[in-house]
Amino acid sequence: MAQKCYELEKKDGHVVLRFTGPLDYYSGKNFEEDLDGNSDYAHAHVIAYCEPVISFPQDWVRILLKWKGVIRPNGKHLVLTNVSSKLMENLKRLGLDKSFKIAKDVKEAVDELGLASKKSIDTEFINPFLEAALHVLQVQAKIEASAGQIYTKKSSEGFSGEISGVIDIVSDSFRGSVVISFPAETFLKILSRMIGGEFTQLDDSNIAGAGEVTNMIVGNAKVVLNQKGYNIKAAIPRVKRGRGAEVTPGSRVPVIVVPFTSQVGDFWIEIWLSSET
Amino acid sequence: MFDPKTKVLVVDDMLTMRKIVTKILRELGFSEISEAVDGIDAWEKTKSGEFGLIISDWNMPNCTGLEFLKRVRADQRLSKTPFLLVTAEAEQSQVAEAIKSGVDQYVVKPFSKESLKAKLEAVYKKCSVRASA
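Predicted model only: the values in this text are computed from it and were never measured. (Residues numbered from 1 in each chain as written. Chains lettered and ligands numbered in written order. Predicted model: local features only at pLDDT ≥ 70, side-chain atom pairs only at ≥ 80, totals over all residues. Heavy atoms only, no water.)

### Quick look at the interface of chain B and chain A
Rule in force here: Contacts are assigned to residue pairs that have any heavy atoms within 4.5 Å of one another. Note on definitions: buried area is the accessible-area loss of two parts on being combined, 1.4 Å probe, summed for both. In the sections that follow, a salt bridge refers to a side-chain nitrogen of Lys or Arg positioned within 4 Å of a carboxyl oxygen of Asp or Glu. Definition of a polar contact: a pair of N or O atoms within 3.5 Å, with one able to donate and the other able to accept a hydrogen when the atoms are protein atoms, and with sequence-neighbouring residues admitted only if both atoms are side-chain atoms.
Taken together, the contact pairs 16 residues of chain B with 21 residues of chain A. Three residues, B:Met14, B:Thr16 and B:Pro110, lead the burial of chain B against chain A; their summed loss comes to 33% of the area buried on that side. Our enumeration of links across chain B and chain A arrives at two salt bridges. With a shortest N-O distance of 2.4 Å, A:Lys222 and B:Glu89 are connected by a salt bridge. Across the contact surface, chain B and chain A share six residue pairs in polar contact (both at pLDDT 80 or more).

What follows is the structure, given as C-alpha coordinates:
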(Lines give C-alpha, C1' and ligand atoms only; values in the text may rest on other atoms or scores of the structure.)
Protein backbone atom coordinates (compact mmCIF):
# COMPACT_ATOMS: atom_id res chain seq x y z
CA MET A 1 0.00 0.00 0.00
CA ALA A 2 1.56 3.27 -1.07
CA GLN A 3 1.91 6.07 1.45
CA LYS A 4 -0.27 9.04 0.56
CA CYS A 5 1.96 11.84 -0.57
CA TYR A 6 -0.58 14.53 -1.40
CA GLU A 7 -3.54 16.35 0.11
CA LEU A 8 -6.49 17.82 -1.75
CA GLU A 9 -8.20 20.80 -0.20
CA LYS A 10 -11.27 22.47 -1.66
CA LYS A 11 -11.22 26.26 -1.37
CA ASP A 12 -13.49 28.99 -2.64
CA GLY A 13 -13.20 28.70 -6.45
CA HIS A 14 -10.14 26.48 -6.49
CA VAL A 15 -8.56 23.28 -5.26
CA VAL A 16 -5.15 23.13 -3.63
CA LEU A 17 -3.19 19.99 -4.42
CA ARG A 18 -0.46 19.90 -1.81
CA PHE A 19 2.34 17.42 -2.35
CA THR A 20 3.74 16.22 0.95
CA GLY A 21 6.53 13.99 -0.28
CA PRO A 22 8.14 12.31 -3.30
CA LEU A 23 5.71 10.84 -5.84
CA ASP A 24 5.52 7.24 -6.99
CA TYR A 25 3.41 5.18 -9.37
CA TYR A 26 0.98 3.85 -6.74
CA SER A 27 0.23 7.24 -5.25
CA GLY A 28 -0.63 8.41 -8.76
CA LYS A 29 -3.19 5.64 -9.08
CA ASN A 30 -4.78 6.63 -5.77
CA PHE A 31 -4.84 10.23 -6.87
CA GLU A 32 -6.52 9.40 -10.16
CA GLU A 33 -9.24 7.52 -8.26
CA ASP A 34 -9.76 10.56 -6.00
CA LEU A 35 -10.17 12.80 -9.04
CA ASP A 36 -12.49 10.48 -10.95
CA GLY A 37 -14.68 10.12 -7.89
CA ASN A 38 -15.39 13.82 -7.47
CA SER A 39 -16.91 15.87 -10.28
CA ASP A 40 -16.28 19.12 -8.35
CA TYR A 41 -12.63 18.88 -9.31
CA ALA A 42 -13.55 19.37 -12.97
CA HIS A 43 -14.93 22.85 -12.37
CA ALA A 44 -12.28 24.55 -10.24
CA HIS A 45 -8.87 26.08 -10.73
CA VAL A 46 -6.08 23.84 -9.42
CA ILE A 47 -3.09 25.15 -7.51
CA ALA A 48 -0.46 22.45 -7.07
CA TYR A 49 2.06 23.12 -4.29
CA CYS A 50 5.21 21.32 -5.44
CA GLU A 51 7.93 22.17 -2.93
CA PRO A 52 8.81 18.54 -1.89
CA VAL A 53 8.71 17.29 -5.47
CA ILE A 54 11.88 16.97 -7.54
CA SER A 55 10.35 15.10 -10.47
CA PHE A 56 6.99 13.87 -11.73
CA PRO A 57 6.84 10.12 -12.51
CA GLN A 58 5.43 9.40 -15.95
CA ASP A 59 2.05 8.37 -14.56
CA TRP A 60 1.71 11.59 -12.58
CA VAL A 61 2.49 13.61 -15.72
CA ARG A 62 -0.28 11.78 -17.54
CA ILE A 63 -2.78 12.39 -14.72
CA LEU A 64 -1.93 16.09 -14.35
CA LEU A 65 -2.21 16.65 -18.09
CA LYS A 66 -5.52 14.80 -18.06
CA TRP A 67 -6.80 17.01 -15.22
CA LYS A 68 -5.64 20.10 -17.06
CA GLY A 69 -7.52 18.88 -20.15
CA VAL A 70 -10.70 18.35 -18.11
CA ILE A 71 -10.76 21.80 -16.47
CA ARG A 72 -9.53 23.85 -19.45
CA PRO A 73 -12.91 23.77 -21.36
CA ASN A 74 -14.47 25.15 -18.16
CA GLY A 75 -12.13 28.15 -18.26
CA LYS A 76 -10.02 26.85 -15.38
CA HIS A 77 -6.25 26.51 -15.05
CA LEU A 78 -3.77 24.25 -13.34
CA VAL A 79 -0.91 26.21 -11.77
CA LEU A 80 2.24 24.74 -10.27
CA THR A 81 3.75 26.71 -7.38
CA ASN A 82 6.91 26.50 -5.27
CA VAL A 83 8.67 24.72 -8.10
CA SER A 84 12.26 23.90 -7.13
CA SER A 85 15.10 24.38 -9.60
CA LYS A 86 15.51 20.61 -9.71
CA LEU A 87 11.85 20.06 -10.63
CA MET A 88 12.06 22.83 -13.23
CA GLU A 89 15.07 21.13 -14.80
CA ASN A 90 13.13 17.88 -14.98
CA LEU A 91 10.07 19.58 -16.49
CA LYS A 92 12.28 21.17 -19.15
CA ARG A 93 13.97 17.88 -19.87
CA LEU A 94 10.57 16.31 -20.47
CA GLY A 95 9.45 19.33 -22.53
CA LEU A 96 6.69 20.06 -20.00
CA ASP A 97 7.82 23.45 -18.66
CA LYS A 98 5.39 25.23 -21.02
CA SER A 99 2.57 22.77 -20.40
CA PHE A 100 1.63 24.24 -17.01
CA LYS A 101 1.25 27.72 -15.65
CA ILE A 102 3.88 28.31 -12.97
CA ALA A 103 3.66 30.77 -10.07
CA LYS A 104 6.18 31.60 -7.36
CA ASP A 105 3.88 30.59 -4.52
CA VAL A 106 0.24 29.93 -3.69
CA LYS A 107 -0.45 33.63 -3.01
CA GLU A 108 0.86 34.61 -6.44
CA ALA A 109 -1.25 31.87 -8.03
CA VAL A 110 -4.35 33.06 -6.17
CA ASP A 111 -3.70 36.62 -7.36
CA GLU A 112 -3.05 35.58 -10.97
CA LEU A 113 -6.20 33.50 -11.09
CA GLY A 114 -8.21 36.45 -9.77
CA LEU A 115 -9.19 34.53 -6.67
CA ALA A 116 -8.00 37.10 -4.10
CA SER A 117 -11.09 38.04 -2.17
CA LYS A 118 -12.07 41.68 -2.24
CA LYS A 119 -12.76 43.05 1.21
CA SER A 120 -16.35 44.06 1.52
CA ILE A 121 -18.05 46.74 3.55
CA ASP A 122 -19.56 44.90 6.47
CA THR A 123 -19.48 45.01 10.24
CA GLU A 124 -15.82 43.95 10.19
CA PHE A 125 -15.14 47.20 8.32
CA ILE A 126 -17.49 49.47 10.26
CA ASN A 127 -16.78 48.31 13.83
CA PRO A 128 -13.23 49.73 14.04
CA PHE A 129 -14.62 53.20 13.20
CA LEU A 130 -17.33 52.79 15.78
CA GLU A 131 -14.89 51.66 18.46
CA ALA A 132 -12.36 54.37 17.55
CA ALA A 133 -15.04 57.08 17.85
CA LEU A 134 -16.00 55.88 21.34
CA HIS A 135 -12.33 55.69 22.35
CA VAL A 136 -11.34 59.11 20.98
CA LEU A 137 -14.22 60.92 22.67
CA GLN A 138 -13.72 59.07 25.94
CA VAL A 139 -9.97 59.74 26.13
CA GLN A 140 -9.76 63.22 24.61
CA ALA A 141 -13.03 64.77 25.78
CA LYS A 142 -14.14 62.49 28.64
CA ILE A 143 -17.42 61.88 26.84
CA GLU A 144 -19.20 58.55 27.16
CA ALA A 145 -21.07 57.86 23.93
CA SER A 146 -23.00 54.86 22.73
CA ALA A 147 -23.68 53.64 19.20
CA GLY A 148 -27.18 52.98 17.93
CA GLN A 149 -28.55 50.82 15.14
CA ILE A 150 -26.73 51.20 11.83
CA TYR A 151 -28.87 52.34 8.90
CA THR A 152 -28.44 53.56 5.33
CA LYS A 153 -29.59 56.72 3.60
CA LYS A 154 -29.45 58.21 0.11
CA SER A 155 -26.43 60.36 -0.69
CA SER A 156 -28.84 63.11 -1.82
CA GLU A 157 -29.85 63.58 1.82
CA GLY A 158 -26.45 65.13 2.56
CA PHE A 159 -24.65 65.03 5.90
CA SER A 160 -26.57 64.37 9.09
CA GLY A 161 -25.06 67.28 11.02
CA GLU A 162 -24.03 70.88 10.43
CA ILE A 163 -20.29 70.40 10.98
CA SER A 164 -18.52 67.43 9.39
CA GLY A 165 -14.96 66.21 9.32
CA VAL A 166 -14.27 64.34 6.07
CA ILE A 167 -11.40 62.00 5.19
CA ASP A 168 -11.12 60.40 1.77
CA ILE A 169 -9.94 56.80 1.84
CA VAL A 170 -8.76 54.42 -0.85
CA SER A 171 -8.07 50.72 -0.63
CA ASP A 172 -7.53 47.76 -2.96
CA SER A 173 -11.26 47.19 -3.33
CA PHE A 174 -13.08 50.48 -2.69
CA ARG A 175 -12.74 54.20 -2.27
CA GLY A 176 -14.88 56.75 -0.57
CA SER A 177 -14.98 58.99 2.46
CA VAL A 178 -15.42 58.60 6.20
CA VAL A 179 -17.37 61.46 7.73
CA ILE A 180 -17.92 62.40 11.37
CA SER A 181 -20.90 64.74 11.45
CA PHE A 182 -22.10 66.85 14.39
CA PRO A 183 -24.90 69.29 15.13
CA ALA A 184 -23.25 72.65 15.91
CA GLU A 185 -24.19 72.56 19.59
CA THR A 186 -22.79 69.05 20.09
CA PHE A 187 -19.58 69.94 18.30
CA LEU A 188 -19.03 73.07 20.42
CA LYS A 189 -19.53 71.09 23.62
CA ILE A 190 -17.07 68.42 22.49
CA LEU A 191 -14.52 71.08 21.55
CA SER A 192 -14.94 72.83 24.92
CA ARG A 193 -14.20 69.56 26.70
CA MET A 194 -11.24 68.77 24.47
CA ILE A 195 -9.30 72.01 24.71
CA GLY A 196 -10.85 73.78 27.69
CA GLY A 197 -12.80 77.01 27.83
CA GLU A 198 -16.31 77.42 26.53
CA PHE A 199 -17.07 77.65 22.83
CA THR A 200 -20.49 79.02 22.00
CA GLN A 201 -20.17 79.92 18.32
CA LEU A 202 -18.73 78.30 15.26
CA ASP A 203 -15.90 80.13 13.53
CA ASP A 204 -13.21 79.30 11.00
CA SER A 205 -10.59 78.46 13.62
CA ASN A 206 -12.65 76.22 15.86
CA ILE A 207 -14.45 74.20 13.16
CA ALA A 208 -11.04 72.79 12.16
CA GLY A 209 -11.37 70.69 15.31
CA ALA A 210 -13.87 68.48 13.49
CA GLY A 211 -11.08 67.52 11.10
CA GLU A 212 -8.78 66.61 13.97
CA VAL A 213 -11.43 64.45 15.66
CA THR A 214 -12.01 62.71 12.32
CA ASN A 215 -8.27 62.29 11.83
CA MET A 216 -7.90 60.56 15.19
CA ILE A 217 -10.87 58.25 14.60
CA VAL A 218 -9.81 57.26 11.08
CA GLY A 219 -6.16 56.92 12.16
CA ASN A 220 -7.08 54.49 14.94
CA ALA A 221 -9.51 52.52 12.77
CA LYS A 222 -7.06 52.37 9.87
CA VAL A 223 -4.42 50.55 11.94
CA VAL A 224 -6.97 47.89 12.95
CA LEU A 225 -8.32 47.50 9.40
CA ASN A 226 -4.90 47.30 7.80
CA GLN A 227 -3.97 44.51 10.22
CA LYS A 228 -6.96 42.69 8.70
CA GLY A 229 -5.68 43.26 5.16
CA TYR A 230 -7.79 46.20 3.94
CA ASN A 231 -4.71 48.16 2.84
CA ILE A 232 -6.37 51.53 3.44
CA LYS A 233 -4.71 54.82 2.67
CA ALA A 234 -6.24 57.99 4.09
CA ALA A 235 -5.92 61.58 2.92
CA ILE A 236 -5.61 64.70 5.08
CA PRO A 237 -8.93 65.58 6.76
CA ARG A 238 -11.06 68.52 5.66
CA VAL A 239 -14.05 70.17 7.26
CA LYS A 240 -17.44 70.83 5.65
CA ARG A 241 -19.95 73.23 7.09
CA GLY A 242 -23.60 72.68 6.22
CA ARG A 243 -25.39 69.57 5.07
CA GLY A 244 -24.62 69.75 1.37
CA ALA A 245 -22.31 66.84 0.80
CA GLU A 246 -20.05 66.53 -2.19
CA VAL A 247 -17.66 64.00 -0.79
CA THR A 248 -17.67 61.27 -3.39
CA PRO A 249 -18.57 62.50 -6.85
CA GLY A 250 -20.45 59.89 -8.80
CA SER A 251 -21.57 58.07 -5.69
CA ARG A 252 -24.79 56.16 -6.21
CA VAL A 253 -24.52 53.67 -3.42
CA PRO A 254 -26.35 54.13 -0.10
CA VAL A 255 -24.50 55.91 2.68
CA ILE A 256 -23.92 53.78 5.79
CA VAL A 257 -24.72 55.71 8.96
CA VAL A 258 -23.79 54.85 12.54
CA PRO A 259 -25.72 57.08 14.97
CA PHE A 260 -24.29 57.91 18.39
CA THR A 261 -25.83 59.41 21.50
CA SER A 262 -23.88 61.06 24.31
CA GLN A 263 -24.33 63.46 27.23
CA VAL A 264 -23.42 66.35 24.89
CA GLY A 265 -25.83 65.33 22.12
CA ASP A 266 -26.06 63.11 19.07
CA PHE A 267 -23.52 62.71 16.27
CA TRP A 268 -23.00 60.36 13.35
CA ILE A 269 -20.30 58.44 11.52
CA GLU A 270 -21.08 58.12 7.83
CA ILE A 271 -19.36 55.86 5.31
CA TRP A 272 -19.71 57.38 1.82
CA LEU A 273 -18.55 54.91 -0.78
CA SER A 274 -17.98 55.66 -4.40
CA SER A 275 -19.69 53.34 -6.85
CA GLU A 276 -16.43 53.40 -8.83
CA THR A 277 -13.93 51.09 -7.17
CA MET B 1 10.63 64.29 35.38
CA PHE B 2 11.25 67.44 33.34
CA ASP B 3 11.67 70.69 35.24
CA PRO B 4 8.36 72.58 34.71
CA LYS B 5 10.47 75.56 33.63
CA THR B 6 11.61 73.58 30.59
CA LYS B 7 10.71 75.44 27.42
CA VAL B 8 8.50 73.24 25.24
CA LEU B 9 7.81 73.54 21.52
CA VAL B 10 4.49 72.04 20.40
CA VAL B 11 4.33 71.38 16.64
CA ASP B 12 1.08 70.56 14.85
CA ASP B 13 -0.66 71.87 11.75
CA MET B 14 -4.02 71.49 13.53
CA LEU B 15 -4.81 74.30 15.93
CA THR B 16 -7.09 72.04 17.96
CA MET B 17 -4.34 69.53 18.58
CA ARG B 18 -1.87 72.25 19.59
CA LYS B 19 -4.43 73.51 22.08
CA ILE B 20 -5.07 70.00 23.44
CA VAL B 21 -1.35 69.36 23.99
CA THR B 22 -0.82 72.83 25.48
CA LYS B 23 -3.75 72.36 27.85
CA ILE B 24 -2.36 69.05 29.11
CA LEU B 25 1.16 70.49 29.45
CA ARG B 26 -0.20 73.35 31.57
CA GLU B 27 -2.04 70.85 33.74
CA LEU B 28 1.29 69.04 34.19
CA GLY B 29 2.88 72.31 35.37
CA PHE B 30 4.68 73.51 32.24
CA SER B 31 4.32 77.22 31.62
CA GLU B 32 6.80 78.09 28.87
CA ILE B 33 5.11 76.65 25.81
CA SER B 34 5.52 77.82 22.21
CA GLU B 35 3.73 76.58 19.12
CA ALA B 36 4.72 75.92 15.49
CA VAL B 37 2.41 75.05 12.61
CA ASP B 38 4.63 72.64 10.66
CA GLY B 39 8.16 71.29 10.44
CA ILE B 40 9.50 74.33 8.61
CA ASP B 41 8.10 76.76 11.19
CA ALA B 42 9.35 74.46 13.94
CA TRP B 43 12.85 74.30 12.49
CA GLU B 44 13.08 78.09 12.36
CA LYS B 45 12.02 78.31 16.02
CA THR B 46 14.23 75.42 17.15
CA LYS B 47 17.42 76.89 15.72
CA SER B 48 17.59 79.31 18.65
CA GLY B 49 18.40 76.32 20.86
CA GLU B 50 16.06 77.51 23.61
CA PHE B 51 13.77 74.47 23.73
CA GLY B 52 14.39 71.68 26.20
CA LEU B 53 11.59 69.49 24.82
CA ILE B 54 9.90 69.13 21.42
CA ILE B 55 6.48 67.53 21.00
CA SER B 56 5.72 67.22 17.30
CA ASP B 57 2.90 65.82 15.22
CA TRP B 58 3.93 63.30 12.57
CA ASN B 59 1.68 64.01 9.59
CA MET B 60 1.96 67.63 8.57
CA PRO B 61 2.10 69.36 5.19
CA ASN B 62 5.32 71.02 3.95
CA CYS B 63 7.65 69.28 6.39
CA THR B 64 6.55 66.23 8.38
CA GLY B 65 7.41 65.56 11.98
CA LEU B 66 9.80 62.83 10.89
CA GLU B 67 11.66 65.17 8.52
CA PHE B 68 11.83 67.78 11.27
CA LEU B 69 13.19 65.15 13.70
CA LYS B 70 15.91 64.20 11.21
CA ARG B 71 16.97 67.85 10.85
CA VAL B 72 17.16 68.22 14.62
CA ARG B 73 19.18 65.04 15.04
CA ALA B 74 21.53 66.03 12.23
CA ASP B 75 22.37 69.36 13.88
CA GLN B 76 25.24 68.88 16.33
CA ARG B 77 24.03 71.67 18.62
CA LEU B 78 20.44 70.44 18.80
CA SER B 79 20.85 66.70 18.31
CA LYS B 80 20.28 65.76 21.96
CA THR B 81 17.01 67.70 22.31
CA PRO B 82 14.32 65.43 23.84
CA PHE B 83 11.84 64.67 21.08
CA LEU B 84 8.35 63.14 21.35
CA LEU B 85 6.40 62.32 18.17
CA VAL B 86 2.60 62.37 18.15
CA THR B 87 0.70 60.25 15.65
CA ALA B 88 -2.84 59.18 14.90
CA GLU B 89 -1.76 55.86 13.41
CA ALA B 90 1.19 53.92 14.76
CA GLU B 91 1.86 51.17 12.23
CA GLN B 92 4.92 49.04 12.92
CA SER B 93 6.83 50.19 9.84
CA GLN B 94 6.34 53.83 10.85
CA VAL B 95 7.45 53.21 14.41
CA ALA B 96 10.57 51.43 13.20
CA GLU B 97 11.45 54.37 10.96
CA ALA B 98 10.96 56.88 13.79
CA ILE B 99 13.16 54.88 16.16
CA LYS B 100 15.83 54.61 13.48
CA SER B 101 15.66 58.38 13.03
CA GLY B 102 16.30 58.95 16.73
CA VAL B 103 12.92 59.69 18.28
CA ASP B 104 12.87 59.34 22.08
CA GLN B 105 9.23 58.25 22.35
CA TYR B 106 6.00 58.39 20.39
CA VAL B 107 2.43 58.76 21.58
CA VAL B 108 -0.72 57.75 19.71
CA LYS B 109 -3.68 60.12 19.53
CA PRO B 110 -5.94 60.31 21.42
CA PHE B 111 -4.06 60.47 24.71
CA SER B 112 -4.96 61.44 28.24
CA LYS B 113 -2.98 63.62 30.64
CA GLU B 114 -1.78 60.46 32.38
CA SER B 115 -0.52 58.81 29.22
CA LEU B 116 1.29 61.97 28.05
CA LYS B 117 2.87 62.29 31.49
CA ALA B 118 4.06 58.67 31.32
CA LYS B 119 5.55 59.28 27.88
CA LEU B 120 7.33 62.44 29.06
CA GLU B 121 8.77 60.54 32.01
CA ALA B 122 10.07 57.90 29.60
CA VAL B 123 11.60 60.60 27.39
CA TYR B 124 13.24 62.21 30.42
CA LYS B 125 14.64 58.91 31.61
CA LYS B 126 16.05 58.06 28.19
CA CYS B 127 17.61 61.50 27.79
CA SER B 128 19.12 61.35 31.29
CA VAL B 129 20.78 58.03 30.47
CA ARG B 130 22.00 59.50 27.17
CA ALA B 131 23.45 62.57 28.94
CA SER B 132 25.31 60.50 31.51
CA ALA B 133 26.74 58.06 28.95
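Once you've had a look at it, read on.
### Section: the packing of aromatic side chains
Residues and elements named next belong to chain A. Short version of the rule: A pair of Phe, Tyr and Trp rings is counted when the ring centres sit within 6.5 Å of each other, with Trp represented by its six-membered ring. The angle between the planes then sorts it: under 30 degrees is stacked, over 60 is edge-to-face, the rest tilted. Going along the chain from the N terminus, every DSSP run of H or I of four or more residues is numbered as a helix, and every run of E of two or more is numbered as a strand. Buried residues are those whose accessible area, probed at 1.4 Å on protein chains only, stays under 20% of the maximum for their type, while exposed residues exceed 50% and partly exposed ones sit between those limits. Charge-over-ring placement is defined geometrically: NZ (Lys) or CZ (Arg) within 6 Å of the ring centre, and within 35 degrees of the ring normal.
For the structure shown, the criterion picks out 15 aromatic pairs over all chains. Here Phe31 and Trp60 contribute two aromatic rings whose centre-to-centre distance is 4.7 Å and whose plane-to-plane angle is 25°, an arrangement assigned as stacked. Remark: Trp60 occurs in helix H2 (residues 58–71) and Phe31 occurs in helix H1 (residues 25–36); sequence separation between them is 29 residues. By the burial criterion, Phe31 is buried, and Trp60 matches it. Relative to Tyr230, the ring of Phe125 lies with its centre 5.6 Å away and its plane at 50°, an arrangement referred to as tilted. Taken as a pair, Phe125 in helix H5 (residues 123–141) and Tyr230 in the loop between helix H7 (204–227) and strand S10 (233–234) lie far apart in primary sequence, 105 residues in all. Joined through ring pairs, the aromatic side chains of Tyr6, Phe19, Phe31, Tyr41, Phe56, Trp60 and Trp67 make up one cluster. Above the face of the Tyr41 ring, Lys10 is positioned so that its terminal group lies 5.7 Å from the ring centre.

### Some remarks on the pattern of salt bridges
Residue and element names in this part refer to chain A. Throughout the structure, instances matching the rule amount to 21 salt bridges over all chains. Note that Lys98 and Asp97 form a salt bridge whose closest N and O atoms lie 3.3 Å from each other. For Lys98, a relative accessible area of 73% puts it in the exposed group. Each of the salt bridges in this network shares a partner with another, and the network as a whole consists of Glu32, Asp36, Asp59, Arg62 and Lys66.

### Details of the nonpolar core
Let me state the cut-off plainly: Joining through side-chain atoms within 4.5 Å is the link that ties buried Ala, Val, Leu, Ile, Met, Phe, Trp, Tyr and Cys residues into a set, and such a set is a nonpolar core.
Judged by nonpolar contacts, the single largest core of 65 residues is most densely connected at A:Phe125, A:Phe129, A:Ile269, B:Leu25, B:Ile55 and B:Leu120. Leave out the neighbours within four places in its chain, and B:Leu120 touches B:Met1, B:Phe2, B:Leu25, B:Leu28, B:Phe30, B:Leu53, B:Ile55 and B:Leu84. Membership of the second largest hydrophobic core comes to 27 residues, among which are A:Val15, A:Ala44, A:Cys50 and A:Val53.

### Comments concerning the sheet that holds strand S3 (residues 53–57) of chain B
Hydrogen bonding along the main chain pairs the strands of a sheet, whether they run parallel or antiparallel. All names here are of chain B. Here is the rule we go by: For two strands to count as paired, DSSP must find a minimum of two bridges between them. Think of each axis as a best-fit line through the C-alpha atoms, taken over the contacting stretch in the case of a helix, with angles from 0 to 180 degrees between the N-to-C directions.
Taking strand neighbours across the sheet as the criterion, the five strands line up as S2-S1-S3-S4-S5 in an open arrangement whose pairing is parallel. Where the open sheet ends on each side, the last strands, each with one partner, are strand S2 (33–36) and strand S5 (105–108). The sheet shows a mean angle of 20° between the axes of neighbouring strands, taken without regard to direction. In this sheet, S5 lies alongside strand S4 (residues 83–87) in parallel orientation, the contact comprising four bridges. Paired with Leu85 across the strands is Tyr106, a residue of S5.

### A look at the side chain of A:Ser177
In this fold, A:Ser177 is placed in strand S9 (residues 175–182). Within the local environment of A:Ser177, its side chain forms a polar contact with the side chain of A:Asp168, the two groups lying 2.7 Å apart.

### So, the environment of A:Lys153
Residues and elements named next belong to chain A. Note that Lys153 resides in strand S7 (residues 151–153). Owing to a relative accessible area of 8%, Lys153 belongs among the buried residues under this scheme. Put simply, Lys153 and Val253 are 100 residues apart on the chain and 9.2 Å apart in space, counted from C-alpha to C-alpha. Beyond its immediate sequence surroundings of up to four residues, Lys153 is in contact with Gly158, Phe159, Ser160, Pro254, Val255, Val257, Glu270 and Trp272. A polar contact of 2.5 Å, which involves the side chain of Lys153, links it to the backbone oxygen of Gly158.

### A look at the sheet that holds strand S1 (residues 6–10) of chain A
All names here are of chain A. Spatially, S1-S2-S3-S4-S5 is the arrangement adopted by the five strands of the open sheet, whose pairing is mixed. Whereas interior strands pair on both sides, the edge strands pair on one side only; in this sheet they are S1 and strand S5 (101–103). The sheet shows a mean angle of 25° between the axes of neighbouring strands, taken without regard to direction. With four bridges joining them, strand S3 (residues 45–49) and strand S4 (residues 78–81) adopt parallel strand pairing. If you follow Ala48 over to S4, its bridge partner there is Leu80. Sitting on the sheet, H1 is in contact with S1 and strand S2 (14–19), with an inclination near 15° to S1.

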